[in-house]
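Residues per chain, in single letters:
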Amino acid sequence: MKTMLAIISNALCRMTGRNAGARVVVSRSFADFTPQATFDIKKCDLHRLEEGPPVKAELTREQGLQYYRTMQTVRRMELKADQLYKQKIIRGFCHLYDGQEACAAGIEAAINPSDHLITAYRAHGYTYTRGVSVKEILAELTGRRGGVAKGKGGSMHMYAPHFYGGNGIVGAQVPLGAGIALACQYQGKNQVCVTLYGDGAANQGQLFESYNMAALWKLPCIFICENNKYGMGTSVERAAASTDYYKRGDFIPGLRVDGMDVLCVREATQFAADHCRAGKGPIIMELQTYRYHGHSMSDPGVSYRTREEIQEVRSKSDPISMLKERMLSHNMASVEEFKEIDIEIRKQVEEATQFATSDPEPPLEELCNHIFSKNPPLEVRGTSPWSKLKSVS
Amino acid sequence: MAASLRCFLRSGKNTVSALQLRDFHRSAPAAVQMTVRDALNQAMDEELERDERVFLLGEEVAQYDGAYKVSRGLWKKYGDKRIIDTPISEMGFTGIAVGAAMAGLRPICEFMTFNFSMQAIDQIINSAAKTYYMSAGLQSVPIVFRGPNGASAGVAAQHSQCFAAWYGHCPGLKVVSPWNSEDAKGLLKSAIRDENPVVVLENELLYGVPFEMSEEAQSKDFTIPIGKAKIERQGNSITLVAHSRYVGHCLDAAAVLAKEGIECEVINLRTIRPMDVESIETSVMKTNHLVTVEGGWPQFGIGAEICARIMEGPAFNYLDSPVTRVTGVDIPMPYAKILEDHSLPQVKDIIFSVKKTLNI
């Protein structure tokens, strides 16, 4: 029966184009697919916590397809950025997120759009999950006027409502995140702030200052360390006297989470958000994850780790493959469905690339704008005394 | 004592008449005497009351009433939520203040002195000042950084640096430097109401000095525009430009020079960035001579910037002599009183420089 339908849908696809085939597949879903399943997820290591997130996660078909779509979009977008960088259409810094998609997707699945999030420079994935389109992200990377920051920010400085970038200075975003959490507490809207940093930033002094104040004032801050095992070219063993990043908050409770499993990340984030919303103060999560690319596009990423290691993670722990296999093995979706989603995403990324490579650069008149907010126009000195430029808010 | 007496006498003309019996037709405006400390306190009190998003954080600002008592009484009135004592963690609490500003609050971040702001300068410049530009207007940072700047008395090298030039260098920041109580209140209120990061460079030696506050200045809505200098004294012989404490020194020097027939025009910069160069130019085109006075070091300082700007503008052709800069001595601040006194501009140095500039 299933193969019959598959044959019919393929035939219809070829004859009439995609739409008819899709309708066949959709009607198939109600009858044949499992609408919801429960999966075992890895137990989290706990620090100063009596109990942790559940060890089973429920996943509906819709959720699964949505998480897949999100992760695959981020993956394809990052690979496209890689391509554009090699073609020199993207310049400067470009820190890619492929391999870590489960973190961004899992976190977003557990928080509300009205919650807040701030991260460091490996930010494209979060920029997407926080609501910015692939088009606006790629156009910002290529420095065009259609970019989310009108081409003035670049890879590390993209913003959206309740998303505070994109921050270039390692570790500086952590006190900022604690401050956003302070605002959440002050304004009493039951919102939390997710404050991300890497294993490299975990050794910055200002983090410990933030931990202290967040704990002292019980700020609703979820500190999340994305431990991808390397701070640029330095492995965690060579940088940290203690690599138990989830314990580094000392008096702050912590969880160590499998960051390659989107369900694990989601459950842990849900647990953490509940903790903060209950007024218990900050909490730390360490997501154990991996980046396929080097630190940035100027780092091949193989001088400090082996190709075998990278390949092993790709084949055994890829977040997207893991989710797909889970859903297929529980008959929650079909191979064709995933293929279709892949095709859709590829198309979306291609269209975004088209825009990002054809949109014009920002006009020179924009050069001095946005120095001050809500300010009368002012004059800005150019490169010589005769160059008097105009700046508006 | 002598300084405050001089200030009283200088600004006392209205006060004396206020002390006399009032006559409806001829009474002077009801001015009062207020110290800079109280003016700053009043400014913060009024803004805290006016807008519930405003809050103050810093070391000892709450229960200690402020290291220099500038925030006296505020914690008692507004409580823990609005007046927050921080641990000694400048980088951390400055970042927290900037993050709070990004998320919709209007923090006043106090540095016990600006010397300690150096530990947090990354948050001030990279997280606060540059963000509106980097985000092309998506993310504003309405924050005030305030505290005592420059030399105090006997606090030696690590506690005496003037940061006007450092902060004045950076686009995206506004930097103000009040002299008297009206300046202090008006500029701080403007800073708090401004949507942008503003650095308010106060002066510890001025905190206890009383100045006249006009009736207008006593109003809850009294603000002074950021970016506009004030002519404190009119004159035709020479222009003196200063900020903060040295405005007082210039006025003292002007009083002495007036006896010799030299009438100085004294300009109180009030704002370091954006600097009101036009006011200086207009004055120089009248007097043909310019002396700048500052407490900071000479290299790459406020005076240096004024010199460059004057040269690039119309006033250059009106100069009868090169601009003279009177600055702090180019050394770390020593401790011994005699050495400290000779590390900073004194009134006699200003008088000397004026006469040299006028070739008298």
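Residues numbered from 1 in each chain as written. Chains lettered and ligands numbered in written order. Predicted model: local features only at pLDDT ≥ 70, side-chain atom pairs only at ≥ 80, totals over all residues. Heavy atoms only, no water.

Draft legend 1. Molecular detail of the overall build of chain B. Scanning chain B from terminus to terminus reveals 14 helices and 14 strands. For chain B, the spread of C-alpha atoms along the principal axes amounts to about 60 × 55 × 45 Å. Residue burial in chain B is summarised as follows: out of 360 residues, 59% are buried. Pairs at least 24 residues apart make up 81% of the contacts formed inside chain B by residues separated by at least 6 positions. (Helix = DSSP H or I, 4+ residues; strand = E, 2+ residues; numbered from the N terminus. Buried < 20%, exposed > 50% of the residue type's maximum accessible area, 1.4 Å probe, protein only. Contact = heavy atoms within 4.5 Å.)

Draft legend 2. Expanded view of the layout of surface pockets. By volume, the largest pocket is sized at about 1,700 Å³. In this structure, the largest pocket is lined by 48 residues; those nearest its centre are B:R273, B:P274, B:M275, B:V277 and B:R309. Of all the secondary-structure elements, those providing two or more residues to the lining of the largest pocket are β11 (378-381) of chain A together with α8 (164-168), α9 (181-193), β12 (271-273), α11 (277-287) and α12 (302-312) of chain B. When residues in the lining of the largest pocket are grouped by element, the largest group, 5 residues, is from α12(B). Taken together, the residues of the lining of the largest pocket break down into 23 nonpolar, 11 polar and 14 charged. (1 Å grid on protein atoms, 1.4 Å probe; cavity = no way out; pocket = protein on both sides within 12 Å on 5 of 7 lines; lining within 4 Å. Points joined across faces, edges and corners; volume = space filled by probe spheres on them. Nonpolar A, V, L, I, M, F, W, Y, C, P; charged D, E, K, R; others polar.)

Draft legend 3. Quick peek at the confidence of the model for chain B. Residue and element names in this part refer to chain B. With 92% of its residues at a pLDDT of at least 70, chain B reaches an overall mean of 94. With pLDDT under 50 throughout, residues 11-21 is counted as low confidence; its partners more than four residues away or in other chains account for 7 contacts. Among the scores for the predicted complex, ipTM is 0.91 and pTM is 0.91. (pLDDT = per-residue confidence, 0-100.)

Draft legend 4. Representation of the domain arrangement of chain A in the model. The domain boundaries assigned to chain A delineate domain 1 (36-362) and domain 2 (365-392). The C-alpha-based centres of domain 1 of chain A and domain 2 of chain A are spaced at 36 Å. (Domains from an automatic or database assignment.)

Draft legend 5. Highlighting the domain arrangement of chain B. Residue and element names in this part refer to chain B. Once the domains are mapped, chain B shows domain 1 (33-218) and domain 2 (230-358). Averaged C-alpha coordinates put domain 1 and domain 2 at centres separated by 26 Å. Residue-level contacts link 29 residues of domain 1 with 24 residues of domain 2. Taken together, the two surfaces of domain 1 and domain 2 that pack against each other cover about 2,000 Å², and 59% of this comes from carbon and sulfur. For the pair domain 1 and domain 2, the interface holds 11 residue pairs in polar contact (both at pLDDT 80 or more). (Buried area = accessible area lost by both parts, 1.4 Å probe. Polar contact = N/O pair within 3.5 Å; in protein donor to acceptor, adjacent residues only side chain to side chain.)

Draft legend 6. Just the packing of aromatic side chains, in detail. Counted by the stated rule, this structure contains 14 aromatic pairs over all chains. Seen from their ring centres, A:Y211 and A:F223 are 5.1 Å apart, and the 80 degrees between their planes marks the pair as edge-to-face. You can see A:Y211 sitting in helix α8 (residues 205-216) and its partner A:F223 sitting in strand β6 (residues 221-227), a full 12 residues away along the chain. In terms of burial, A:Y211 and A:F223 fall into one category: buried. Relative to A:Y304, the ring of A:Y230 has its centre 5.3 Å away and its plane inclined at 50 degrees; by these criteria the two rings are tilted. A residue pair is termed long-range when its members are at least 10 positions apart, and A:Y230 in strand β7 (residues 230-231) and A:Y304 in the loop between β10 (283-288) and α11 (307-317) qualify at 74 residues. The pair A:Y230 / A:Y304 is uniform in exposure class, with both members buried. Pairwise contacts between aromatic rings join B:F93, B:F111, B:F114, B:F145, B:F163, B:W166 and B:Y167 into one cluster. The ring of A:Y292 is capped by A:R314, whose NZ or CZ atom sits 4.1 Å from the centre of that ring. (Phe/Tyr/Trp six-rings, centres within 6.5 Å; stacked < 30°, edge-to-face > 60°. Lys NZ or Arg CZ within 6 Å of the ring centre and 35° of its normal.)

Draft legend 7. Representation of the UniProt feature "domain: Dehydrogenase E1 component" (unreviewed entry) in chain A in the model. Using the residue numbers shown here, the UniProt feature "domain: Dehydrogenase E1 component" (unreviewed entry) corresponds to residues 70-364 of chain A. Taken as a whole, residues 70-364 of chain A contains 45% helix and 11% strand, while its terminal C-alpha atoms sit 36 Å from one another. (UniProt positions renumbered as here; feature names shortened; annotations may be inferred.)

Draft legend 8. The arrangement of the nonpolar core in detail. The biggest cluster of nonpolar side chains holds 77 residues, and the ones touching the most others in it are A:Y197 and B:I280. Looking at this core, the element that brings in the most residues is helix α7 (residues 173-187) of chain A, giving 8 residues. Residues contacting A:Y197, with those up to four places away along its chain left out, are A:Q173, A:V174, A:A202, A:L207, A:Y211, A:F223, A:I224, A:C225, A:E226 and A:I284. Membership of the second largest hydrophobic core comes to 70 residues, among which are A:C44, A:A81, A:V194 and A:I224. (Core = buried A, V, L, I, M, F, W, Y, C linked by side-chain atoms within 4.5 Å.)

Draft legend 9. A look at the environment of B:I124. Residue and element names in this part refer to chain B. Note that I124 resides in helix α6 (residues 121-129). Note on I124: relative accessible area 0%, which makes it buried. Remark: the alpha-carbon pair of I124 and V323, spanning 199 residues in sequence, is separated by 32 Å. Residues within four places of I124 in sequence aside, it is in contact with T94, F111, S117, A129, F145, Y167 and L173.

Draft legend 10. Main features of the environment of B:T113. All names here are of chain B. Along the chain, T113 turns up in the loop between β4 (106-110) and α6. Sequence-wise, T113 and I280 are 167 residues apart; in three dimensions their C-alpha atoms are separated by 29 Å. For T113, the residues in contact, after removing those within four places along its chain, are Y68 and P148.

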